[in-house]
Amino acid sequence: MIKGKCWVADDYVMAYNIIIQEYWTTAIDKEDNSRWVMAGVHEDFNSENAFKDRGYTFIVAGHNFAGGGKSIEHVIAGLMGAGIKTVFATSFARLQFRNAINYGLPFVTSKDIDKDCSTGDELEYNPQTGEIKNLTTGKSFDSLPAAPFVAKVGQAGGLMNYVRDKIAKGEAIT
Amino acid sequence: MGMTITEKIMANQSGRSSVKPGELVWVDVQSVMTMDYLGKTCFEKFKSLGKTEVFDKDRVICVSDHLVPPPNQKFATMLNEWREVVKEHDITHFYDLGRQGIAHQIMVEQGHVLPGTVSIGTDSHANTYGAAGAIGNAVGVTDAAVAMATGKAWFRVPSAVKFHITGEWQPFVMAKDLSLHIMGMMHWNGHLIYKTLEFDGPGITSLSMAGRMTLCNMTVDLGAKNGIVAPDETTKAYLEGRAKGDWEMIASDEDAVYEQSYEINLSNLGPTIALPDKLDDTVPIEKAIGKKFNKAFVGTCTNGRLEDLEILARIMKGKQIHRDVNMIVVPASQTVYLDALRAGYLETLIMAGAAIDTPSCAACAGIHTGVAGDGDIVLSAGNRNMKGRMGSKNAQIYLTSPAVVAASAIRGEITDPRTFDI
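Residues numbered from 1 in each chain as written. Chains lettered and ligands numbered in written order. Predicted model: local features only at pLDDT ≥ 70, side-chain atom pairs only at ≥ 80, totals over all residues.

**Examining the interface of chain B and chain A**
Logical step 1: At the interface, 34 residues of chain B touch 27 residues of chain A.
Logical step 2: Mapped onto the side of chain B that touches chain A, the elements with two or more residues apiece are strand E1 (24-28), helix H2 (36-48), helix H5 (141-150) and strand E7 (152-156) of chain B.
Logical step 3: For the side of chain B that touches chain A, the class distribution of residues is 15 nonpolar, twelve polar and seven charged. (Contact = placed C-beta atoms within 7 Å. Helix = DSSP H or I, 4+ residues; strand = E, 2+ residues; numbered from the N terminus. Nonpolar A, V, L, I, M, F, W, Y, C, P; charged D, E, K, R; others polar.)

**Considering the sheet that holds strand E3 (residues 86-89) of chain A**
Residues and elements named next belong to chain A.
Logical step 1: Spatially, E4-E3-E2-E1-E5-E6-E7 is the arrangement adopted by the seven strands of the open sheet, whose pairing is mixed. Whereas interior strands pair on both sides, the edge strands pair on one side only; in this sheet they are strand E4 (107-109) and strand E7 (140-141).
Logical step 2: Where strand E6 (residues 132-134) meets E7, two bridges bridge the pair, whose relative direction is antiparallel. Of the residues in E7, the one forming a bridge with Lys-133 is Ser-140. (Pairing = 2+ DSSP bridges.)

**Observations concerning the sheet that holds strand E10 (residues 226-228) of chain B**
All names here are of chain B.
Logical step 1: With parallel pairing, four strands are arranged side by side in an open sheet as E10-E9-E8-E11. Bordering the open sheet on either side are E10 and strand E11 (260-265), each of which pairs with just one other strand. Each strand axis lies, on average, 20 degrees off the axis of its neighbour in the sheet, ignoring direction. (Axes fitted to C-alpha atoms, helices over the stretch in contact; angles between N-to-C directions.)

**Notes on the environment of Thr-117 of chain B**
All names here are of chain B.
Logical step 1: In this fold, Thr-117 is placed in the loop between helix H4 (103-109) and strand E5 (118-121).
Logical step 2: The sequence separation of Thr-117 and Ala-407 amounts to 290 residues, and the corresponding C-alpha distance is 39 Å.
Logical step 3: With near-sequence residues (within four places) excluded, Thr-117 lies in contact with Ile-9, Gln-13, Gln-30 and Ala-134.

**Some details on the packing of helix H3 (residues 74-81) of chain A against helix H4 (residues 94-103) of chain A**
Residue and element names in this part refer to chain A.
Logical step 1: Between H3 and H4, the least distance of the axes is 9 Å, while the angle of their chain directions is 55 degrees. When the axis of H3 is compared with that of H4, the two are oblique. Crossing of H3 over H4 shows right-handed handedness. Along the contact surface, H3 presents Val-75, Ile-76 and Met-80, while H4 presents Gln-96, Asn-99, Ala-100 and Tyr-103. (Parallel < 35°, antiparallel > 145°, perpendicular 65-115°, else oblique. Left-handed = near helix turned anticlockwise from the far one by under 90°.)

**Things to note about unusual backbone geometry**
Logical step 1: Residue Pro-69 of chain B is bonded to the preceding Val-68 of chain B through a cis peptide linkage, with omega at -20 degrees.
Logical step 2: Examined against the element boundaries, Pro-69 of chain B turns out to sit in the loop between strand E3 (60-63) and helix H3 (73-88).
Logical step 3: Despite not being glycine, Asn-64 of chain A has its phi angle at roughly 60 degrees, a positive value.
Logical step 4: With respect to the element layout, Asn-64 of chain A can be found in the loop between strand E2 (58-61) and H3.

**Things to note about H3 of chain B**
Residues and elements named next belong to chain B.
Logical step 1: Compared with the 22 Å implied by 1.5 Å per residue over 16 residues, the 23 Å span of H3 between its first and last C-alpha is a close match.
Logical step 2: Every buried residue belonging to H3 is among Phe-75, Leu-79, Trp-82 and Val-86, and all of these are buried. Seen end-on, H3 carries its buried residues on one side only, within an arc spanning 60 degrees. Turned more than 90 degrees away from the buried face of H3 sit Gln-73, Lys-74, Thr-77, Asn-80, Glu-81, Glu-84, Lys-87 and Glu-88, all of them exposed.
Logical step 3: Looking at the buried residues of H3, the elements they touch are H2, E3 and strand E4 (94-95). (Expected span 1.5 Å × (residues − 1). Buried ≥ 20, exposed ≤ 12 C-beta atoms within 10 Å, placed from the backbone. Arc of directions from axis to C-beta.)

This is how it looks when you write it as structure tokens:
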């Protein structure tokens, strides 16, 4: 069970606004990338540690979260470094959806969640059942369960660990 | 039940007789591409997996494209570190400054992408490879590192959407116009996220490889997993002497299943333009005619090929670029550059008042070579127009075809190339 405050985003939160252009060529590092994460999404987040210091655990978004076609993993590293444990959205852009799976950060699809949450609401998420409870309003939402492979990668702490372990044991990757 | 070409490739490359949308498979990868600003991290991650040698030194393709030639000391140092790491791993195909090009152009032009196979790259426009009848897919450095170590990548088999293109291409109408038209229809990262897009029909059969590359290139901006054109005689002729390996023809089954199908008739398609800030805010050129701009840009993995430079030269020959417009042309690779030089296109463009720059991603990534400043209005043949994409957030970017850029640069305002006196 994961519990914490949420930040509610609009549709089309773009990857290149989550990590702005001047940081695309920096190293991928959770701590480092988190300092300026979301700097381009909202004026309030455009200062050092501005997003991180608000202490959100969840992001609730609408359509196409983290889109716009950037493949950079700084986006996911930055969100994780800022303390985000799960992102809920009605849909995700595929490049960052893939990166999130590879880093073991749950990107969870939930149909109507964006309509009934406000920034600062306290949420509780049960990864086993997929149920998301808004403790502030009392409303509940269903979500799509993770595919078995995604769950395995998540349990391993990301694709690097998953593959490293297979290589060390000489196991086939399937 | 029949399979689409994408399903067939995923089945073949994962050792299965068939696959269905939604299934998760690990496929064998033909080529893994990485480039200057992410490549070092890729190799570091690869090493951390416990391997010392990449799965195949001939099939890890390294390209310098985003940072070359280095505009500042930071990039020069990054490039030096990149070169060291490529050398250390004894990579066969390293397209560094002097032999460079935009990675996606290099991958297809140099035959690293083969029909019926899967290739991945650490840049979003890797979808371009679909032009060669392959699955081309953009990934992050983690996936690339895993593929470097194992020769494999994981995929969820996507459901398919077909675009059947009929009719004939009208004069001065290019693949870019079709891409932008589809963008307007289906929306930027809208209805097509996670899908495989298949293009077929007489309008595709008659389309050049360059045009197919443009079309597949921009499928990433539709949110799709990949875009693909089944290999045909055009593909075969193009790959002759380029392909770095054997390949076979492959096509979708007659009874393959598509979630949706759309038909677009080319006789109704004219030059198309995306208005600033949103890729899907596209209009027929008639609605933008007369709009003044001060910068013109032709290049990128979308429209920096020989055919694009040819149409520029054809339209601009003997003319002068308007005094209020600065135009930069960046060929997509050294090969394109040399071919355009030999064909006389570059001479024509220089005589018209265009600046030619060495192959790179240039201002498209907003990093260097003609970036936009405050107040600039750019008419670009590139692929993205969101605020800040080419530099300043206070610049506006219109996206269109090279033909529209050429005619418009002469007039100093957006001009329909079909009515332009050449």
